[in-house]
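What follows is the residue order along each chain.
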Amino acid sequence: MPSSCPLRPFLRCLLAGLAVAGFAAAAAAAPTVAEALAVEPRQPGVDCDRPTADEAGSATIKQEKLDGISALVVRGADGRILRSFADTNGDRVVDRWSFFKDGLEVYRDVDGDDPDTKADQSRWLTSGGTRWGVDADGDGALDSWRAISAEETTAEIVRALGSRDAAAFARLLPTKADLETAGFTGPKLEELVARATAAKQGFAKLAAAQMKVGPKTVWTSMLTPQPPGVLPAGSPGVDRDVVAYDNVVALAEQAGNGVQVIVGSLVRCGDAWRPVDAPQLPDGDGRLAETPGFFAPAGASMVAGGDAAGVDEALRPLLAALREIEDRMAAADAAGRRQLAGQYVGKLGELAAAAGVADRAFWSRQLVETVAAYVQEGLLPEGLAVLEKIAAGAKDDHELLAFVDFRLVQARYAAGMEAGADPQKLQDEWFASLAKFVEDHPQANEAAEALLQLAFRDEFEGRDAEAVARYGEIAKTFAGSPQARKAAGAVRRLESVGKPLPLTGTTLDGKQVTMDSFKGRPVLVHYWSTDCEPCKVDLAQIRELQAKYGPQRFACVGVALDADRQKLAKFLSGKPLPWPQLHDEGGLDGKLAESFGVLALPTMILVAADGTVADRNVSITDLEKKLAALLEGK
């Protein structure tokens, strides 16, 4: 149909496309506000503005240009957009149906140049989330996920269980190609393919038998006892770094009662997080079928959701005691938390001592991590002594000793901050301790992080040659690690002056941005986040400069390193910025920060009109002077 429209009025061709989406209006007449608002997202559960009849009576609909694209736009009485129906490819037929909430686009249906004018993609945006589903046959049911966060995956699992929708769960599972993309190979790849295949049957069996999760069950959050980890390239069955979670639990509510759905492991395949096993629901005594984790040893407990089947009977009382203390800590005041922290560490120490040889290292590390965290939170005054005692007993276990020593360095610094020590003296002691750690444990995984901190100190204090040497050492010695990627990016940034800046990324609303599009004018690349107060002060000054010189003479690209996408979207909705904002998952640990080794905020790079870097670390106080010099050709 789009190809037959060139001689027809633009609006009529728009309506031809809109009719497919649910309009009842005749193609010869413009749609009314009521007809436009009657169009619903193709996917259920989208939280968008749905005005009352009185509110709709004050709304308007007219043809506008949105970012250069022709669209029919419905606006409320306050001027905020409620819906837009756009022709993005200029063929005079609607191919993007957008839905808004509080002025932000939260969802869109997209027809990717499909001649039948049916939407074949569904995207949740800004405060609506990150999901990107594909409906290959245009029948309204998603066939696969192109992008979905870990949290959204657990929510989809809860919804699939509640509706007994085996197809919804199946499209979350990884294919063999997904697992190959993630980085698995050989027997490990085949094992995971087999687990994903078995998960389909396991889900169907659980969904048919369970009564805990129903259509009205509401997902509330994702719980995991530790952040995602990395299986480094070169590990058995892994040819590139794999990022994954273990021991994931989805929390939900059913008629006011809490429900735990044990998800197990999630693995990142491209932009989608995927389960590899069927979910589980704890039975009466909390037992679960044992499933292999990516990081935890066989038999390790999922403390948040009940212990795994097969755990030594002697450990069960200790695991139950830990869960009971966790519950009490959640409701305790500061004094109560300090008291319970000591009890928790004591029980965790008993558990490490009682564990079998295969699991003892895992629980020892859990003990060390917990003590170090409690010291940093000010909950365990005796924590340093506990860590020193563990270190003294680990002299013959070099890996465990390095693990403890590094946490001791961190904990001593945190304890000094808590005690109000002299900041400069504390900083000097911190860096001296990091240097000593690298000397004592040069091959330990933690040495990469220690070297990264030392290299950044060199860079901050103007010792560029020393910084480049340290960064280079990290990239070589710890190749494939996140620290190595950051270090390689830092070298790229430090050596960038006079070279093109190969920055590319995606904005919050899904648009691709490259530096090539700004050639012919200076560009400021501003790395920032909403958690960085100096960064937000910079924003006001950058806005003033762009207003002074105009966007055709001075461009800006923001790189927002917020880990929380929704928080960033909320900030920008309240304080919109007139330049594009690139964003990806991971914040300071994401690809945008990694690619140029951005370790602190704000970081600003000034690019000349010819596309080469003029200043790799311009300060806000020097920006106008250096910008004026570029504009004057000096």
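Report follows, based on the coordinates.

Thresholds, definitions, all that
- Residues numbered from 1 in each chain as written.
- Predicted model: local features only at pLDDT ≥ 70, side-chain atom pairs only at ≥ 80, totals over all residues.
- Heavy atoms only, no water.
- Salt bridge = Lys/Arg side-chain N within 4 Å of Asp/Glu carboxyl O.
- Helix = DSSP H or I, 4+ residues; strand = E, 2+ residues; numbered from the N terminus.
- Buried < 20%, exposed > 50% of the residue type's maximum accessible area, 1.4 Å probe, protein only.
- Core = buried A, V, L, I, M, F, W, Y, C linked by side-chain atoms within 4.5 Å.
- Contact = heavy atoms within 4.5 Å.
- Pairing = 2+ DSSP bridges.
- Axes fitted to C-alpha atoms, helices over the stretch in contact; angles between N-to-C directions.
- Expected span 1.5 Å × (residues − 1).
- Phe/Tyr/Trp six-rings, centres within 6.5 Å; stacked < 30°, edge-to-face > 60°.
- Lys NZ or Arg CZ within 6 Å of the ring centre and 35° of its normal.
- 1 Å grid on protein atoms, 1.4 Å probe; cavity = no way out; pocket = protein on both sides within 12 Å on 5 of 7 lines; lining within 4 Å.
- Points joined across faces, edges and corners; volume = space filled by probe spheres on them.
- Nonpolar A, V, L, I, M, F, W, Y, C, P; charged D, E, K, R; others polar.
- Parallel < 35°, antiparallel > 145°, perpendicular 65-115°, else oblique.
- Left-handed = near helix turned anticlockwise from the far one by under 90°.

Note on pairing: side chains with opposite charge can pair once their charged atoms come close. Per the stated rule, a full pass over the model turns up 36 salt bridges. The closest approach of N and O atoms between Asp67 and Lys511, which form a salt bridge, is 2.6 Å. Residue Asp67 is found in the loop between strand 1 (60-66) and strand 2 (69-75), and its partner Lys511 is found in the loop between strand 14 (504-506) and strand 15 (512-514); the two are separated by 444 residues along the sequence. With relative accessibility at 34%, the residue Lys511 sits in the partly exposed group. When the shortest N-O distance is used, the salt bridge between Lys626 and Asp615 registers 2.4 Å. Of the two residues, Lys626 is situated in helix 20 (residues 620-631) and Asp615 in strand 20 (residues 613-615); the sequence distance between them amounts to 11 residues. The class of Lys626 is partly exposed, set by a relative accessible area of 33%.

So, on to the nonpolar core. In globular proteins that are soluble, nonpolar side chains generally tend to be buried together. In this structure, Val74, Phe85, Phe169, Val261 and Leu266 are the most contacted members of the largest nonpolar core, which totals 50 residues. Each residue touching Val261, except ones within four places of it in the same chain, is listed here: Ile157, Val158, Leu161, Val213, Val248, Val249, Ala250, Pro279, Gln280 and Leu281. Residues Met329, Ala355, Leu367 and Val404 belong to the second largest nonpolar core, which totals 33 residues.

Sheet architecture is open: five strands sit in the order 18-17-16-19-20, paired in mixed fashion. Strands at the two margins of the open sheet, each flanked by one partner only, are strand 18 (581-582) and strand 20. As defined by bridge partners, strand 16 (residues 523-528) adjoins strand 17 (residues 555-560) across six bridges and the pair is classed as parallel. Its bridge partner lying in strand 17, Trp528 is registered against Ala560. With respect to the sheet, helix 20 is in contact with strand 16, strand 19 (603-607) and strand 20, its orientation differing from that of strand 19 by roughly 5°.

In this model helix 4 (residues 150-163) runs 20 Å from its N-terminal to its C-terminal C-alpha over 14 residues, within 8% of the 20 Å that 1.5 Å per residue would give. The buried count for helix 4 comes to 11 of 14 residues, which makes it a mostly enclosed element. The complete set of buried residues in helix 4 reads Ala150, Glu152, Thr153, Thr154, Ala155, Glu156, Ile157, Val158, Ala160, Leu161 and Gly162. Positive phi appears at Arg164, one or two residues downstream of helix 4, with a value of about 55°.

Looking now at the packing of aromatic side chains. Within the structure shown, the criterion is met by 12 aromatic pairs. Taking 6.4 Å as the distance between ring centres and 35° as the angle between the ring planes, the aromatic pair formed by Phe456 and Phe460 counts as tilted. One end of the pair, Phe456, and the other, Phe460, are both in helix 14 (residues 445-460), four residues apart, so they sit about a helical turn from each other. Through successive ring pairs, a cluster of aromatic residues spans Phe99, Tyr107, Trp124 and Trp145. One cation-aromatic arrangement involves Arg131 over Trp124; the distance from NZ or CZ to the ring centre is 4.0 Å. Just above the ring of Phe403 sits the side chain of Arg365; from NZ or CZ to the centre is 5.2 Å.

Here Gly258 lies in strand 12 (residues 257-269). Since its relative accessible area comes to 68%, Gly258 is described here as exposed. The spacing of Gly258 and Glu388 is 130 residues in sequence and 40 Å in space, taken between C-alpha atoms.

Glancing now at the layout of surface pockets. One number sums up the size of the second largest pocket: a volume of about 970 Å³. For the lining of the second largest pocket, the elements supplying multiple residues, two or more each, are strand 3 (81-87), strand 4 (96-101), strand 5 (104-110), strand 15 and helix 18 (565-574). A class-by-class count of the residues in the lining of the second largest pocket yields 15 nonpolar, eight polar and seven charged.

Following Leu601, the chain continues into Pro602 via a peptide bond in cis, with omega recorded as -5°. Tracing the backbone shows Pro602 in the loop between helix 19 (591-594) and strand 19. The phi dihedral of Arg164 is positive, around 55°, even though this residue is not glycine. Structurally, Arg164 is set in the loop between helix 4 and helix 5 (166-170).

Let us now look at the packing of helix 17 (residues 533-549) against helix 20. Two elements in contact, helix 17 and helix 20, have axes separated by 11 Å at closest approach and are oriented at 20°. Put simply, helix 17 runs roughly parallel to helix 20. For helix 17 against helix 20, the interelement crossing comes out right-handed. Counting all contacts with helix 17, which are made through Asp538, Gln541, Ile542, Leu545, Lys548 and Tyr549, the residues of helix 20 involved are Ile620, Leu623, Glu624, Leu627, Ala628 and Leu631. The residue makeup of the contact of helix 17 with helix 20, split by class, is eight nonpolar, one polar and three charged.

On to the pairing of strand 5, then. In terms of burial, strand 5 is a largely internal element, seven of the seven residues being buried. Sheet topology note: the strand 4/strand 5 ladder contains six bridges and is antiparallel. Across the sheet, Arg96 pairs through a bridge with Val110, a residue of strand 5. Counted along the chain from strand 4 to the antiparallel partner strand 5, the turn is two residues long, and its residue Asp102 has a positive phi close to 55°. Strand direction decides the pairing type here: strand 5 and strand 6 (residues 121-124), joined by four bridges, are antiparallel. Bridged to Asp109 within strand 6 is Ser122.

This part covers the sheet that holds strand 7 (residues 132-134). Here we have eight strands laid out as an open sheet, ordered 1-2-3-4-5-6-7-8, and antiparallel in their pairing. Among the strands making up the open sheet, the edge pair consists of strand 1 and strand 8 (144-147). For this sheet, the mean angle separating the axes of adjacent strands, direction not counted, is 20°. Inspection of the sheet shows strand 1 paired to strand 2 by seven bridges, in the antiparallel sense.

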